[in-house]
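Letter by letter, the chains look like this.
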Amino acid sequence: MTDEKDNLIKAQNEVIGILFEIIKRFQSNNDLTDEYLKLIIQENNEQSKKRLEQINSERNENAEIITRLLKKLET
């Protein structure tokens with residue numbers, strides 16, 4: 001009985017950790033989107049273009065991680 005409770009607590013902690021990470025990644029993407037839009041509105045210079053590329057890369061990476069974490073929750 002105690003093993004079952006321990007396993008349940010462990011599983012709950014894992015789910016909470018995964019959900020926390022997903023929320024953190026979504027928030028990061030929201031912040032990056034805000035920065036992206038500000039850069040688009042400002043003048044287009046080489047530094048802005050490089051940062052826009054970095055933002056896209058970070059957002060894609062976050063999206064991939066979120067996808068993997070959601071798949072992990074399915075199992």
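Data block above holds the structure.
Rules and cut-offs
- Residues numbered from 1 in each chain as written.
- Predicted model: local features only at pLDDT ≥ 70, side-chain atom pairs only at ≥ 80, totals over all residues.
- Heavy atoms only, no water.
- Helix = DSSP H or I, 4+ residues; strand = E, 2+ residues; numbered from the N terminus.
- Rg over C-alpha atoms; globule rule 2.2 N^0.38 Å.
- Buried < 20%, exposed > 50% of the residue type's maximum accessible area, 1.4 Å probe, protein only.
- Contact = heavy atoms within 4.5 Å.
- Areas by Shrake-Rupley, 256 points an atom, 1.4 Å probe, with all protein chains shown as cover.
- Lys, Arg positive; Asp, Glu negative; His and termini not counted.
- Charge placed at Lys NZ, Arg CZ, Asp CG, Glu CD.
- Salt bridge = Lys/Arg side-chain N within 4 Å of Asp/Glu carboxyl O.
- Expected span 1.5 Å × (residues − 1).
- Core = buried A, V, L, I, M, F, W, Y, C linked by side-chain atoms within 4.5 Å.

(A) Structural context of the overall build of the protein. Counting its regular elements, the protein contains two helices and zero strands. Relative to the compact-globule value of 11 Å for 75 residues, the protein shows a C-alpha radius of gyration of 18 Å, a clear excess of over 25%. A principal-axis box enclosing the C-alpha atoms of the protein has dimensions of 65 × 15 × 15 Å. The 75 residues of the protein split such that 17% are buried. When contacts within the protein are restricted to residue pairs at least 6 apart in sequence, those whose partners lie at least 24 apart make up 65%. When the accessible surface of the protein is summed, it comes to about 6200 Å², and 52% of that surface belongs to carbon and sulfur atoms. Charge-centre separation for the protein: the mean point of 12 positive side chains lies 1 Å from the mean point of 15 negative side chains.

(B) A look at the pattern of salt bridges. Within the structure shown, the criterion is met by five salt bridges. The partner of Glu-35 in a salt bridge is Arg-51, with the nearest N and O atoms 2.8 Å apart. Highlighted residues: Glu-35 in helix H1 (residues 2-41) and Arg-51 in helix H2 (residues 46-74), separated in sequence by 16 residues. Residues participating in the shared-partner salt-bridge network are Glu-21, Lys-24 and Arg-25.

(C) Geometry of the environment of Lys-38. With respect to the secondary-structure elements, Lys-38 resides in helix H1. As a C-alpha pair, Lys-38 and Ile-9 span 29 residues in sequence and 44 Å in three-dimensional space.

(D) Broad picture of H2. For H2, with 29 residues, the first-to-last C-alpha span of 43 Å sits near the 42 Å given by 1.5 Å per residue. Within H2 the residues assigned to the buried category are Ser-48, Leu-52, Ile-55, Asn-62, Ile-65, Ile-66 and Leu-69.

(E) Up close: the nonpolar core. In terms of nonpolar packing, the biggest core is built from five residues, these being Ile-18, Ile-22, Ile-65, Ile-66 and Leu-69. With three residues, the top contributor of residues to this core is H2. Not counting residues up to four positions away in its chain, the partners in contact with Ile-18 are Leu-69, Lys-72 and Leu-73.

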